[in-house]
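# Observations on the model geometry
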Amino acid sequence: MRAPTARQIRFVAVFSIIPVFIAAGVVLTDQGAMPIMAHGPLQSGHEGVHCESCHVPSPGTVRQQVQAKVHHVLGMRDTGGDFGYGAVTSKACLQCHERPNERHPIFRFHEPRFEKAVAQVEATSCLGCHGEHTTHRATADLTFCQACHEDLVLKTDPLDVDHAALIADRRWQTCLGCHDFHGNHAGKAPKALKEAFAPAEIEAYLRAGPSPYALPKIFEAKEELP
Ligand code: HEC
Ligand code: HEC
Ligand code: HEC
Ligand code: HEC
Ligand code: HEC
């Protein structure tokens, strides 16, 4: 028997792959099948949030998406196209979390003067500091304030150990001990360093622990998409 040509091998390979794409297409577009695909628990607060509130189905019918993938495999397209769901973006988060009192709105950080800071901490996207399917409340570390507040000067500083001293000693892990990031917790920042929450307590909160900040929050997120 003659050995198959390279072309024949490619033909068989491509056609044996198609049913896999179709099966994947069904799983990715059937909401009932979504949990099968989940690759980790949701963080606290998101128990009631539907998969599709964050994962927006990408444009095109299943057939078009399968076709795009097949054409990609055959080398007829440069990209495979989004398959079922597009990448999660801040837009999804803001549908439920947009609030008028935001202290650090992500849109501000597109300004050129933040270019260097944003290279250090991706402050233009929720996903720069938050993930999902990890249970972590925030993926950022404690010290990222440094990216933007290195030159901070207060006209009259109310602290016992003032901001200038904290910054000179690079004690960036103290900032979140007195200030939350989004300004969404009621309560005033203390003036004595010994009243600040300990870095370990904040660290635990960023992972999945209890909130040390004053509750209730000023704005609760929407439970459902508007
Ligand atoms: C609060 C928003 C949110 C919710 C709710 C959510 N996800 Fe995700 N999911 C994400 C983010 C963020 C990622 C990381 C991928 C990325 O960066 O785009 C992700 C990644 C994934 C991935 C990996 C695919 C990839 O592109 O990396 C799968 C599969 C997935 N999610 C399934 C689910 C399922 C199933 C549910 C419902 C049980 C769900 N997700 C609910 C935000 C969410
Ligand atoms: C369908 C609405 C909805 C969407 C979409 C959504 N969330 Fe939430 N989120 C909530 C609700 C409701 C809570 C719990 C109440 C609260 O904390 O205000 C919550 C809680 C959280 C918390 C934890 C709050 C805490 O104090 O423990 C974080 C962090 C968070 N969301 C970030 C995100 C990010 C990042 C995205 C986008 C990837 C996102 N959310 C998408 C509704 C949503
Ligand atoms: C530069 C980092 C950073 C970015 C960008 C960021 N966050 Fe956060 N976020 C944090 C940190 C740190 C905390 C914990 C401190 C606090 O509670 O304010 C937090 C806490 C939260 C909480 C819980 C407390 C609250 O305010 O209700 C929610 C919800 C949240 N973030 C949503 C978002 C959403 C939605 C976006 C995008 C619009 C976003 N975050 C962008 C760092 C960030
Ligand atoms: C990507 C840049 C950036 C990062 C990172 C950042 N900030 Fe800010 N922050 C700003 C800007 C810009 C302002 C507004 C200053 C102004 O308007 O003069 C601000 C304002 C503030 C204010 C005053 C808010 C008010 O209502 O007057 C506090 C407090 C603050 N930041 C604390 C922090 C803390 C704590 C961290 C780290 C957890 C942090 N910031 C990280 C850019 C940043
Ligand atoms: C012991 C608590 C404490 C610590 C630690 C602390 N702050 Fe403050 N911070 C305050 C208080 C109190 C104010 C006065 C305004 C207020 O009440 O919010 C303030 C004000 C600010 C302001 C507003 C400045 C203005 O012009 O209005 C910024 C920005 C700020 N802090 C950032 C930081 C950063 C960055 C760090 C970490 C190096 C830090 N703070 C550490 C308590 C603290």
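In this convention, every chain numbers its residues from 1, walking through the sequence in written order. Chain letters and ligand numbers both follow the written order, the letters beginning at A and the numbers at 1. Local features are withheld for residues below a pLDDT of 70 in this predicted model, meaning they are given only at 70 or higher, and side-chain atom pairs are given and counted only at 80 or more; totals for whole chains, interfaces and linings count all residues.

Our next topic: the overall build of the chain. The helix and strand labels rest on DSSP assignments: H or I over at least four residues marks a helix, E over at least two residues marks a strand, and numbering proceeds from the N terminus. Looking only at helices and strands, the chain features 10 helices and zero strands. Note on burial: count the other C-beta atoms lying within 10 Å of the residue's C-beta; 20 or more is buried, 12 or fewer is exposed, in between is partly exposed, and C-beta positions come from the backbone. Counting every position in the chain, which comprises 226 residues, the buried fraction comes to 6%. Residues are defined as contacting one another if the C-beta atoms placed from their backbone atoms lie within 7 Å. Long-range contacts, defined here as pairs at least 24 residues apart, represent 65% of the contacts in the chain between residues at least 6 apart.

Nearness between a residue and a molecule or strand is assessed with a C-beta atom placed from the backbone; a distance within 6 Å qualifies. Around ligand 3, a shell composed of 21 residues is seen, among which His97, Cys126, Cys129, Asp180 and Asn184 lie nearest. With four residues, the top contributor of residues to the shell around ligand 3 is helix H5 (residues 90-97). Residues that form the shell around ligand 3 fall into these classes: 13 nonpolar, six polar and two charged. In this count, Pro and Cys sit with the nonpolar residues alongside Ala, Val, Leu, Ile, Met, Phe, Trp and Tyr, while Asp, Glu, Lys and Arg are called charged and the others, Gly among them, polar.

The next thing to look at is the environment of Arg103. Its location among the elements puts Arg103 in the loop between H5 and helix H6 (115-120). Once the C-alpha coordinates of Arg103 and Phe181 are considered, the two residues, 78 residues apart in sequence, prove to be 7.2 Å apart. Here Arg103 is in contact with His182 and Gly183, once residues within four sequence places are set aside.

For Ala168, the location among the structural elements is in helix H8 (residues 163-168). The exposure class assigned to Ala168 is exposed, which follows from the 9 C-beta atoms found within 10 Å. Along the backbone, Ala168 and Glu150 are 18 residues apart, and their C-alpha atoms lie at a distance of 9.0 Å.

With an omega of 0°, the peptide bond running from Leu215 to Pro216 counts as cis. Phi angles above zero are rare outside glycine, and His133 is one such case at about 65°. Inspection of the secondary structure puts His133 in the loop between H6 and helix H7 (146-149). Here His133 falls in the exposed class, since 12 other C-beta atoms lie within 10 Å of it. Positive phi outside glycine occurs at Thr135, with the angle close to 70°. When you line up the elements, Thr135 lands in the loop between H6 and H7. Judged by the 14 C-beta atoms lying within 10 Å of it, Thr135 is partly exposed.

As a further point, take the confidence of the model for the chain. Close reading of the predicted structure is inappropriate where its pLDDT is low. pLDDT expresses, on a scale from 0 to 100, how confident the predictor is about each individual residue. Averaged over every residue, the pLDDT of the chain is 84; residues scoring 70 or more account for 79%. Throughout residues 19-23 the model reports pLDDT below 50, and contacts reaching past four residues in sequence, or to other chains, amount to four contacts.

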